[in-house]
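Topology and contacts: notes
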Amino acid sequence: MKIGIIGTGPVGGSLAKNLAALGHQVKVTNTRQPTELARKAQELGASPATLPDVVQDVDLVFIAVPFKVLAEFPKDLFRSLPPR
Ligand SMILES: NC(=O)c1ccc[n+]([C@@H]2O[C@H](COP(=O)([O-])OP(=O)(O)OC[C@H]3O[C@@H](n4cnc5c(N)ncnc54)[C@H](OP(=O)(O)O)[C@@H]3O)[C@@H](O)[C@H]2O)c1
């Protein structure tokens, strides 16, 4: 599956690492500068992505950020996801 993960802390990082190890195509984002995000993504076996990009062309999105951060996301961030 193609999977986007928002957040690379203990929760998002573990998800990314394990799902990538299982052969899924994983991209991740966090709040870091591109170089640091790329380093983290590589460590997890994932690809780095911006917040708008991490939800594009994926089958599944995991949100692994503190709840208060959700209110800061663009209102239409998940609009491109297939309806369920
Ligand atoms: N850890 C646990 O054992 C545990 C248990 C139960 C529930 N939870 C819940 O699960 C969620 C994630 O937990 P966690 O421990 O992994 O959290 P965390 O250590 O706080 O990591 C949060 C991640 O979200 C990223 N982030 C924050 N704001 C963002 C934004 N605006 N855009 C993109 N990325 C953003 C952070 O980026 P940076 O890396 O750049 O800071 C970090 O990678 C939280 O809601 C927590 O309450 C956690």
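Residues numbered from 1 in each chain as written. Predicted model: local features only at pLDDT ≥ 70, side-chain atom pairs only at ≥ 80, totals over all residues. Heavy atoms only, no water.

Per an unreviewed UniProt entry, the recorded name for the protein chain is NAD(P)-binding domain-containing protein, and the organism is Hymenobacter volaticus.

**Considerations on the site of the ligand**
By nearness alone, 15 residues border the ligand, and Thr8, Val11, Thr31, Arg32 and Val65 come closest of all. Gly9 is positioned with one of its backbone polar atoms (N or O) 3.3 Å from an oxygen atom of the ligand. In this structure, an oxygen atom belonging to the ligand sits 2.5 Å away from a side-chain N or O atom of Thr31. Of all the elements in the fold, those that place two or more residues in the shell around the ligand are α1 (10–21) and α4 (67–70). Along the lines of polarity and charge, the residues of the shell around the ligand split into 9 nonpolar, 5 polar and 1 charged. (Near = heavy atom within 4 Å. Polar contact = N/O pair within 3.5 Å; in protein donor to acceptor, adjacent residues only side chain to side chain. Helix = DSSP H or I, 4+ residues; strand = E, 2+ residues; numbered from the N terminus. Nonpolar A, V, L, I, M, F, W, Y, C, P; charged D, E, K, R; others polar.)

**Re the sheet that holds strand β1 (residues 2–6)**
Reading across from one edge, β3-β2-β1-β4 is the order of the 4 strands in this open sheet, with parallel pairing throughout. The sheet terminates laterally at β3 (47–48) and β4 (60–63), the two strands that pair on one side only. Note that β1 and strand β2 (residues 25–29) share 5 bridges and pair parallel. Of the residues in β2, the one forming a bridge with Ile3 is Val26. Its contacts with the sheet place α1 against β1, β2 and β4, and it is angled at close to 165° to β1. (Pairing = 2+ DSSP bridges. Contact = heavy atoms within 4.5 Å. Axes fitted to C-alpha atoms, helices over the stretch in contact; angles between N-to-C directions.)

**A look at the environment of Val11**
Looking at where Val11 falls in the secondary structure, it is placed in helix α1. In sequence terms Val11 and Ala64 are 53 residues apart; their C-alpha atoms lie 6.0 Å from each other.

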